[in-house]
Structure formats: structure tokens, C-alpha cells
Amino acid sequence: MGTILAIAAVNVLIGTVGLLQETRSRPLTVAERARYAEQDIARRWQAWRAEEVFPAEVEYTGLARVRQLARRVGIAPEAPCSAVMDAPVASVLREHGCRTVLRATYVDQTSTFVMTVGVAVLPDEETRVDTAADLPVDDRVGVRPVAFPGTVADSFGAAQRQRTGWTAAGPYIVFSTAGYADGRTRAAVAPQEILHSELWPAAQGVAGQIVRGLAAPPDIPRCTQGNVC
């Protein structure tokens with residue numbers, strides 16, 4: 001009986017030590033730090049306010065490395081991936097489990113160019129990489145423009161968009177499409193004009209800044225219970 005009690009006491013002591021080790025704060029491992037960052041970035045589309053995903057003003061670099069500023073015109077309601085993308089892109093997103101798309105429209109500081117940016121949310125970064133590899137190489141398809149009545153972007157529709165493209169980071173593919181605020185159609189603008197215009201650098205710059213914000217490395221705590229181990 002004495003031996004049995006001694007063994008039981010040792011088991012209780014071992015269990016107590018194990019519990020203390022589980023509840024005591026300790027430094028995060030490399031794997032835990034990577035997982036923390038991945039999870040923090042992946043939830044931003046949902047955890048952040050729309051105004052954080054799409055800032056009121058976005059600074060970007062235009063032609064000749066000149067700093068430019070784009071202003072947000074409006075934010076569209078969250079939408080299903082298939083509903084706001086052209087069919088060739090929508091089918092790829094659907095195949096890879098796209099969760100949703102967030103969209104907003106911007107104008108450059110001269111109100112000459114209009115740009116719609118669409119954030120497609122994929123399940124994880126690996127899926128996003130596979131999705132991007134399957135996207136069509138065609139600057140005529142991508143996210144559909146969002147017009148806002150009574151603003152400089154009130155005539156921005158499918159016929160007015162000049163080019164489309166995308167950039168990506170984390171679980172996000174950020175699509176962009178751009179056109180002229182005066183309503184000119186793609187057919188009415190010479191290809192050479194687009195190649196030498198600020199329009200496309202503006203759209204790319206705005207999309208790039210938005211995806212960088214969404215995928216920026218978070219502040220990671222040093223320990224399992226904060227910054228004190």
C-alpha cells in the first residue's frame with residue numbers, strides 16, 4: 001500500500017509540474033511566430049474596418065518616380081467573387097475557393113483617372129499562389145468597375161476601363177482596373193496613349209499600396225502570454 005501511495009504522489013507531482021509548464025509564459029518558437037503572423041494577416045479583411053482596408057488617401061509613385069496621391073471616392077458592399085469579376089477570372093477564383101471580394105474606387109489627384117480596386121480573399125497564401133498561376137493573361141478582364149453616382153466616377157463602367165491587372169501577397173489578390181473620368185471608352189483611346197499615360201502606373205500604385213497594407217508583417221508578441229516570459 002505504501003508503494004502504491006508513493007507512486008500516486010509522484011504522478012500527481014509530475015502532473016502539477018506539467019500544468020505549471022503549460023500555463024507559464026514562454027518565448028514563442030519560430031513556427032509559432034510564423035503561424036501568428038499568417039493568422040493575423042489572413043483575418044485582416046474581416047477584422048479591419050473598410051476604411052482601413054481602403055484608406056481615404058493612397059500615396060503612390062507615378063511616372064518619373066514622382067510621388068502622387070489618389071483619393072477614395074467610395075467603398076462598395078462586400079460581394080461574392082463570381083458576381084464582380086469577369087467570367088474568365090471568376091471561374092478561376094471559384095475553382096480555388098475564393099471567399100469574397102472587397103472593392104473601392106479611387107481617383108488620382110487631378111481627377112483625370114478613375115480606378116477600381118478589388119481585394120479577392122483566398123483561403124490561404126498557398127491557395128493564392130496556385131490561383132494566381134491560373135489567372136488568364138489578358139488586360140481586358142479582371143475586376144468590374146464600381147461607379148458612384150454624383151461623383152467624378154459616376155460614368156466608370158465596363159466600356160470605360162482601359163486596362164486591368166493584379167498584384168498579390170498573403171492570401172489576397174488585389175485586382176485593379178482603370179479608365180478616364182471623362183467617360184472615354186477603351187476603343188476611343190489609342191494604345192500608344194495608354195502606354196505613355198499616368199493612368200496605369202496610378203492603378204498599379206494604388207493596388208500595390210493596398211496589398212502591402214493588408215500583408216504587412218504584424219507586431220508579434222515575444223511570449224505565449226504577451227511580451228513577458
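Keep in mind that this is a model prediction, so the values were computed, not measured.

Asker: Run through the overall build of the protein chain, naming residues and quoting values.
Answerer: A tally of regular secondary structure across the protein chain gives eight helices and six strands. Across the protein chain, helices and strands are ordered from the amino to the carboxyl terminus as α-α-α-α-β-β-α-β-β-α-β-β-α-α. Burial analysis of the protein chain (229 residues in total) assigns 42% to the buried set. Contacts spanning at least 24 positions in sequence make up 68% of the contacts within the protein chain whose residues lie at least 6 apart.

Asker: Quick one: what's the story with helix H2 (residues 30-42), residue by residue and with numbers?
Answerer: Across its 13 residues, H2 extends 18 Å between first and last C-alpha, which sits within 8% of the 18 Å expected from 1.5 Å per residue. Of the residues making up H2, those classed as buried are Glu32, Ala37, Asp40 and Ile41. Buried residues of H2, viewed axially, fall in a sector of 165 degrees; they line one side. Looking at the buried residues of H2, the elements they touch are helix H3 (44-47), strand E6 (172-180) and helix H8 (199-214).

Asker: Quick one: what's the story with the sheet that holds strand E2 (residues 67-75), residue by residue and with numbers?
Answerer: Ordered by their spatial adjacency, six strands build an open sheet running E1-E2-E3-E4-E6-E5, and the pairing between neighbours is antiparallel. Only two strands of the sheet have a single partner each, and these edge strands are strand E1 (57-61) and strand E5 (161-169). On average, each strand axis in the sheet is inclined to that of its neighbour by 30 degrees, with strand direction left out of account. Taken together, the eight bridges between E5 and E6 define a ladder with antiparallel strand orientation. For glycine 165, the partnering residue across the bridge sits in E6 and is serine 176. Those strands touched by helix H6 (residues 125-134) are E5 and E6, and its axis lies near 40 degrees from that of E6.

Asker: Explain unusual backbone geometry to me, using residue names and the numbers behind them.
Answerer: With a phi close to 60 degrees, serine 111 is a non-glycine residue in the positive phi region. Within the secondary structure layout, serine 111 lies in the loop between strand E3 (100-108) and strand E4 (113-121).

Asker: So what's going on with the pattern of salt bridges? Which residues, and what values?
Answerer: A full pass over the atoms with the stated rule returns 13 salt bridges. With its nearest N and O atoms 3.0 Å apart, the salt bridge here joins arginine 67 to glutamate 59. Exposure remark for glutamate 59: the relative accessible area of 42% places this residue in the partly exposed category. Arginine 128 is the partner of glutamate 125 in a salt bridge, and the nearest nitrogen-oxygen pair spans 3.5 Å. Residue glutamate 125 and its partner arginine 128 are located together in helix H6, separated by three residues, close to a single helical turn. Among the residues examined, arginine 128 registers a relative accessible area of 12% and is labelled buried. Here the residues in one salt-bridge network are Asp40, Arg43 and Arg44, joined through shared partners.

About the cut-offs
- Residues numbered from 1 in each chain as written.
- Predicted model: local features only at pLDDT ≥ 70, side-chain atom pairs only at ≥ 80, totals over all residues.
- Heavy atoms only, no water.
- Helix = DSSP H or I, 4+ residues; strand = E, 2+ residues; numbered from the N terminus.
- Buried < 20%, exposed > 50% of the residue type's maximum accessible area, 1.4 Å probe, protein only.
- Contact = heavy atoms within 4.5 Å.
- Expected span 1.5 Å × (residues − 1).
- Arc of directions from axis to C-beta.
- Pairing = 2+ DSSP bridges.
- Axes fitted to C-alpha atoms, helices over the stretch in contact; angles between N-to-C directions.
- Salt bridge = Lys/Arg side-chain N within 4 Å of Asp/Glu carboxyl O.

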